[in-house]
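Structural features, examined
Residue-level listing of the chains:
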Amino acid sequence: MMDRAALQVILLGMFLMSATSDPVKKKKNVDIYSFYINSTVTSRYATTVITSRVANTLNESQEIQFEVKIPKNAFISKFRMTIEGKTYDGVVKEKEAAQQQYNQAVSRGQSAGLVKSVGRTLEDFKTSVTVSAFSKVTFELTYEELLKRRLGKYELLINAQPMQPVADFKIDVHIQEKPGISFLEVKGDLSTGDLANAIKTTRADKDVWVTFYPTQDQQTKCKSCGENGLNGDLLITYDVERQNPKGEIMVSKGYFVHYFAPSDVPRISKNVVFIIDRSGSMSGRKIKQTRLALLKILSDLDEDDHFGLITFDSEVSLWKRELLRATEANLENAKSFVKEIRDRGATDINAAVLAGVDMINRHPREGTASILILLTDGDPTTGETNIEKIMSNVKKAIGNKFPLYCLGFGYDVNFDFLTKMSLENSGVARRIYEDSDADLQLQGFYEEVAVPLLTDIQLKYPGGTNLTKTSFSLYFNGSEIVVSGQITDNSVESFTTEVIAVSKGSNVTYQDTIMTKDPSDVPPENENFMQRLWAYLTVKQLLDRQVLLKGQEKEDEKKEALKLSLKYQFVTTLTSMVVTKPQEGEVEVANKPKEGKGGDGYTADVDSDDDDSAFASFSVINHHPAQRAFLLHSVPMDYPAAMDYSDAMDYSDAMDYSVMIHHPLPTYGSPTIHTTTPPAVQVHSNRFLLPVVGQSKPLCFDVPLPHKLRLLQDSASEFSMNGESLSENHGFHQIAIHYKTNHHLIISTKSISYHNGQDKVEILWGQELTQHNTDGVSLVVLENEMNVTMGNIGVVIISHKKDGVKFLWPAIWEHPKDVNLTGVLGKSDISYVKTEGSQTPTLKMKDKEVKTYLETVSDYRFHSTPVQECWLVPFQAVMEAEISDFTVTQL
């Protein structure tokens, strides 16, 4: 029996990052003999329970992992482990209290847990426990979510990846909808091939049951399966009957929910202005996909719609000054304009959005719906760059007259800014992922807002209190408005709803009354679902509003969200789940991903509009039986574009990889620092060295600290390298390298993290020679040097230590001559001629006279840091652009 002291496991509402050195090896001698997923959907509210029963078949104790993926919008509400007949239940607590436990454990030298964020639609929950020889453990995880209607359907997504064929594998889904189910379809990886025969669907008047019971043999033969068994999704899509245009109202135990989605109203013609970023950072595939998407969207406009096109960099260009009707001739003209959009210049978001607002304001049309759609991939870098001022300008200009939708392309975009600006103007923000289907993502978003049916919707509930959101600017075909609340007087026999809206310029009213004493169709085991639905929706909306509020109102709503999260045991960004389990002296931390923040501390980047991804896992890495290693990371939601690593504990077992070793020969483009600066003097800038062909002395230029820079980019091969420097510190404390859509390498002064979308590798500086080679990626880590080859580009990252502070220097050491590199290190076509006879040293560069000074610097591209002289010139003279054109908001 396990009689050791209890271990506290803490599941916080944020991101951390996990890695295991050999996940396949851990599965040996582990038998997952039962794996059940049971999902019950009652009036769109889904409660899913995942139960995994695992046996340790070794004659000694070993660590057993439990890892499952859950929908990003779900709240975990229960977790328990049963070991040798004893159950360990999780208890949700305020996050700060759990964090204190975590900090205390770390201060005592105990180990800490880790989490990682990647993907689009799922979070990954992972934990582990040590199980005695020939003993068993049962893991049980419950999560809850309100299914959201998009494009006329709800989607219930269930992921299954048990990591081995399971003798007793079952997925059971029961959907109960009071108005009846109009259609249902089962899709996904797990519905293809032989697995389709394992799916059975049974339908009744108001119920549907879907079962998925694959045999062990079937679990190895699907499209995405193999010797490790199932690996994929089961996607159940459905909609309900909508015979009552006033909506569906349900009342249960003092709570109500109102689903409002009329379809018998005429569509409203719209005025839509597309505001498209064409700055230099949109180069390559992003601008191509944007053109493709716009061409398709233009084809989908209705003839009575009016539209406008605005492109912007440092300048704002209007296709036409006024909104034009979507006639065939105008659309063809607009498509010709779109085909010629080219990337260039900086990013003036303020001027572009104000131009779009002005275009709509100058052409009002009665009985129509106006929409602004902004697509950008970066921060404002020219014109008005103060974010608060931009938001103020836009809010004042729009004046609550129409919504602004912000689409953030990729990971360099300031998504917090876009989220707040859109929410302030009755819109939403959504991330567009840099992937092969980015054009389809853009089209998909437009389809959701393509057909407005009602504007200025107000919902009223006499006798209702503690209501969720009741005011909406637009209702689109295929969507749904959901309002929930409490009934003030449980003794009343009827409950009335009223919806007031505008349809094509005319007011319309929907009124309905239901009898509260009617017998409920809800089975007894689900009778509390409506109260939990109300709590779920209330907490979601309170948390979303935090970005808009200030002062006491913000604090009051945060307290209310926390109170409800604790009452209903939801793991949110404000709460933590603490689980006691039979292992000694460890505290593990896992955080619920939160959209929109990146960088230092416990932060994350996730879309506010429910269509983005997150990956949150919870894990412990087991090495030597007496030693455990943990790394703490902070990452943005979708995948780790920016991370901050905490100190690692013992990591004694180095990973074993085979790889071809490259011998780096660093060339141009590496940063340098004054060697004459005394240690007591603060560092105010990084100095970059630029060798010039035919000249004995290189050029050098300064970039003020702190900064986040785009160091190198090759759009053709989808390679990019970014670096972040801190105030008053030499060099870079963190460098991120991305290749194609799935290879991401994060290098800090303490550790190195690489993932390719599936496998995750963690390496610490100072280990023995570590090598990794896969999919055109070669990584070689020496004691104080890392050689990286991705595709046909090779770079070297050298770790230095100066005045007791560690820092990184990057340099290019391999690339084809025909590759067009950009970024701070990508400049290669520079030349100069020294002008004779001038009292002040002057260089002639690009037919311009540039004053210069001869400086002595240390070249940190090499471990030996040789000292040499260079001509110091302004950044603008070398790069022919502003520093802001090379800055990024996320690594």
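Starting afresh in each chain, residues are numbered from 1 along the sequence in its written order. The predicted origin of the model limits local features to residues at a pLDDT of at least 70 and limits the giving and counting of side-chain atom pairs to 80 or more, whereas totals for whole chains, interfaces and linings rest on all residues. No hydrogens and no water enter the side-chain calculation; it runs on all heavy atoms of the structure.

Here the chain averages 79 in pLDDT, while 81% of its residues score no lower than 70. A score between 0 and 100, pLDDT records how confident the predictor is in each residue. Throughout, a contact is declared for two residues whenever any of their heavy atoms are within 4.5 Å. Overall, residues 1-27 carries pLDDT values under 50, and its contacts beyond four positions in sequence, including any with other chains, amount to 146 contacts. Taken as a whole, residues 596-681 scores under 50 in pLDDT and shows 389 contacts with residues more than four places along the chain or in a different chain.

Turning our attention to the state of the cysteines. When the sulfur atoms of two cysteines share a covalent bond, that bond is a disulfide. Note on terminology: pairs of cysteine sulfur atoms within 2.5 Å are recorded as disulfides. The tally for this structure, following the rule as stated, stands at one disulfide. Each sulfur of the disulfide joining Cys700 and Cys870 lies 2.1 Å from the other. For the disulfide bridge between Cys700 and Cys870, the dihedral angle about the S-S bond is near 70 degrees, and by the sign convention the bridge is right-handed. In this pair, Cys700 is assigned in strand 36 (residues 699-704) and Cys870 in strand 52 (residues 867-872), connecting sequence segments 170 residues apart. Burial classes follow relative accessibility: with a 1.4 Å probe on protein chains only, a residue under 20% of its type's maximum area counts as buried, one over 50% as exposed, and anything between as partly exposed. Of the residues examined, Cys700 reaches a relative accessible area of 0% and is grouped as buried. Strands are runs of DSSP state E lasting at least two residues, helices are runs of H or I lasting at least four, and both sets are numbered from the N terminus onward.

What follows deals with the pattern of salt bridges. Any carboxyl oxygen of Asp or Glu that lies within 4 Å of a side-chain nitrogen of Lys or Arg is treated as forming a salt bridge with it. Evaluated as defined, the whole model comprises 33 salt bridges. Across the salt bridge formed by Glu177 and Arg44, the nearest N and O atoms sit 2.8 Å from each other. Taken together, the positions of Glu177 in the loop between strand 10 (168-176) and strand 11 (181-187) and Arg44 in the loop between strand 2 (30-42) and strand 3 (45-56) put the pair 133 residues apart, joining distant regions of the chain. Of the residues examined, Glu177 reaches a relative accessible area of 0% and is grouped as buried. For Lys563, the salt bridge goes to Glu560, with nearest N and O atoms at 3.4 Å. Here the residue Lys563 and the residue Glu560 both occupy positions in helix 10 (residues 551-567), the gap between them amounting to three residues, near one helical turn. Looking at Glu560, the relative accessible area reads 30%, which means it is partly exposed. If you follow the salt bridges from partner to partner, you end up with Arg44, Arg149, Glu177, Asp239, Arg242, Glu248 and Glu480 in one network.

Turning our eyes to something else, we now look at the side chain of Thr468. The topology assignment puts Thr468 in the loop between strand 25 (464-465) and strand 26 (471-476). Residue Thr468 is classed as buried on the basis of its relative accessible area of 6%. Whenever two N or O atoms come within 3.5 Å, that pair is a polar contact, provided that in protein one can donate a hydrogen and the other can accept it, and provided that, for residues adjacent in sequence, both atoms are side-chain atoms. Here Ser484 takes part through its backbone nitrogen, which lies 2.9 Å from a polar atom of the side chain of Thr468.

A rise of 1.5 Å per residue sets the reference length of helix 9 (residues 529-545), with its 17 residues, at 24 Å; its end C-alpha atoms lie 24 Å apart and thus fit the reference within 8%. The buried fraction of helix 9 is high, at twelve of 17 residues. Within helix 9 the residues assigned to the buried category are Phe529, Met530, Leu533, Trp534, Ala535, Tyr536, Leu537, Thr538, Val539, Lys540, Leu542 and Leu543. To estimate the expected span of a helix, count its residues, drop one, and scale the result by 1.5 Å.

Another aspect to go through is the packing of helix 6 (residues 387-398) against helix 7 (residues 415-424). With their axes 10 Å apart at the nearest point, helix 6 and helix 7 run at an angle of 20 degrees to one another. It follows from the interaxial angle that helix 6 and helix 7 lie roughly parallel. Between helix 6 and helix 7 lies a crossing whose hand is right-handed. Between helix 6, through Ile387, Glu388, Ile390, Met391, Val394 and Lys395, and helix 7, the contact on the second element is made entirely by Phe417, Lys420, Met421 and Glu424. For this classification, the nonpolar set comprises Ala, Val, Leu, Ile, Met, Phe, Trp, Tyr, Cys and Pro, the charged set comprises Asp, Glu, Lys and Arg, and every other residue, Gly included, is treated as polar. Across the contact of helix 6 with helix 7, the residue classes break down as six nonpolar, no polar and four charged. Here an axis means a line fitted to C-alpha atoms, over the contact stretch when the element is a helix, while the angle between two N-to-C directions is reported on a 0 to 180 degree scale. An angle counts as roughly parallel when it lies under 35 degrees, as roughly antiparallel when it exceeds 145, as roughly perpendicular when it falls between 65 and 115, and as oblique in every other case. In this scheme, a crossing is called left-handed if the near helix is turned counterclockwise away from the far one by less than a right angle; it is called right-handed if the turn is clockwise.

Mapped onto the fold, Lys200 is located in strand 12 (residues 199-203). C-alpha separation for the pair Lys200 and Phe212, spaced twelve residues apart in sequence, amounts to 6.6 Å. Lys200 has contacts with Trp209, Val210 and Thr211, leaving out every residue within four places of it along the chain.

Moving on to the sheet that holds strand 39 (residues 734-739). Judged by pairing direction, the sheet is antiparallel, and its six strands sit side by side in the order 37-38-39-40-41-42 without closing on themselves. Both outer strands of the open sheet, strand 37 (707-714) and strand 42 (760-764), are each paired with one neighbouring strand and no more. Going across the sheet, the axis of each strand differs from the next one's by a mean of 10 degrees, ignoring polarity. The pairing of strand 38 (residues 719-725) with strand 39 spans six bridges and is antiparallel. Bridge pairing in strand 39 links Phe719 to Tyr739. Here a strand pair is declared whenever DSSP counts at least two bridges between the two strands.

Another point: the pairing of strand 2. Remark: a regular strand shows side chains that alternate across the two faces of the sheet. Here strand 2 runs beside strand 3; their pairing, made up of twelve bridges, is antiparallel. Along strand 3, the bridge assignment pairs Asn38 with Val49. The hairpin formed by strand 2 and strand 3 contains two residues between the paired strands, and Ser43 there has a positive phi angle of roughly 50 degrees.

Only centres within 6.5 Å qualify two rings of Phe, Tyr or Trp (six-membered ring in Trp) as a pair; their planes then separate them into stacked at under 30 degrees, edge-to-face at over 60, and tilted for everything else. Applying the stated criterion across every chain yields a total of 28 aromatic pairs. Ring centres 6.2 Å apart and planes at 65 degrees place the aromatic pair Phe66 and Phe125 in the edge-to-face group. Of this pair, Phe66 sits in strand 4 (residues 62-71) while Phe125 sits in strand 7 (residues 122-131), and the two are 59 residues apart along the sequence. Pairing Tyr568 with Phe570 gives two aromatic rings, centres 6.1 Å apart and planes at 20 degrees, and the pair type is stacked. Considered together, Tyr568 and Phe570 belong to a single accessibility category, that of buried residues.

Summarising the element assignment, Leu548 is placed in the loop between helix 9 and helix 10. Overall, Leu548 belongs to the partly exposed group, its relative accessible area being 29%. Sequence separation between Leu548 and Glu424 is 124 residues, and the spatial gap between their C-alpha atoms is 6.9 Å. Residues within four places of Leu548 in sequence aside, it is in contact with Lys420, Leu423 and Glu424.

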